[in-house]
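What follows is each chain in one-letter form.
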Amino acid sequence: AMNYYHNSEHVQKEAMHFIRNCLQATGSSKGIVLGRNGIEVIVRAMWKLETFSTAQEHGCTILWCLAISNPEAQFSIMSNEGIGAILNGMSKHLSSEKLQYYACGALQTLSSSKSEIQQNMLEIGAFDAIFNSMSEHKYSKSVAEAASIAVKNLLNFASENPLVANVCKMSDRHVQVITRVMKSNKGEAR
């Protein structure tokens, strides 16, 4: 339906909501979505529906579900500009805590992947996007946890790869954000 009605925003949003619910209800839906170029279709819809926060939330959730324990899906997300779509959604809807949580969750999973994906994340601005999310939602334990793990993964990668280390330098602002998040969550953030 998403391919056939690619010009209908309503169909795109409802289809993404349906796919999200299916993936969260049963893991067997993963194979169906992946087998039908689902990542490409979802990413395309995220770019097209960039002004709709619920569509971005659904897209991030779907990409997160597909990426879990699936290196091929993780690579496909990167290859189809899915990381860029996630970051775009994060920047356009910074005030949406739910979107930031699902986006940081997807980035957390992707940042634990292959070095090629981690490098792509750093090159297109994931490090700063994650910190912007943590700064905006410093009282959200769920955002703090997903974001903190993603930051840790990217810092570990950067420490082993001098070519991208400059993208991942901790500034005073970064330290302040982490400190505020930890204080806001009474030290519960990882």
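Up top you'll find the structure we're talking about.
Model, not experiment: these values are computed from the prediction.

1. Structural notes on the nonpolar core
No. 1: Among the nonpolar cores identified, the biggest contains 49 residues, and I83 and I86 are the most heavily contacted of them.
No. 2: In terms of residue count, helix α4 (residues 53–67) provides more of this core than any other element does, eight residues in total.

2. Remarks on the packing of aromatic side chains
No. 1: Applying the stated criterion across every chain, the model contains four aromatic pairs.
No. 2: Through a chain of ring-to-ring contacts, three or more aromatic side chains come together here, namely W64, Y101 and Y102.

3. Considering the pattern of salt bridges
No. 1: Per the stated rule, a full pass over the model turns up three salt bridges.
No. 2: As a salt-bridge pair, E57 and K98 come within 3.7 Å of each other at their nearest N and O atoms. Of the two residues, E57 sits in helix α4 while K98 sits in helix α7 (residues 97–111), which places them 41 residues apart along the sequence.
No. 3: With relative accessibility at 8%, the residue E57 sits in the buried group.
No. 4: Of the charged contacts in the structure, one is a salt bridge between K141 and E145, with a shortest N-O distance of 3.9 Å. With K141 and E145 both in helix α10 (residues 141–160) and four residues apart, this pair spans about one turn of that helix.
No. 5: Of the residues examined, K141 reaches a relative accessible area of 38% and is grouped as partly exposed.

Reading guide: rules and limits
Residues numbered from 1 in each chain as written. Predicted model: local features only at pLDDT ≥ 70, side-chain atom pairs only at ≥ 80, totals over all residues. Heavy atoms only, no water. Core = buried A, V, L, I, M, F, W, Y, C linked by side-chain atoms within 4.5 Å. Buried < 20%, exposed > 50% of the residue type's maximum accessible area, 1.4 Å probe, protein only. Helix = DSSP H or I, 4+ residues; strand = E, 2+ residues; numbered from the N terminus. Phe/Tyr/Trp six-rings, centres within 6.5 Å; stacked < 30°, edge-to-face > 60°. Salt bridge = Lys/Arg side-chain N within 4 Å of Asp/Glu carboxyl O.

Scope: geometric values only; no functional claims are made or implied.
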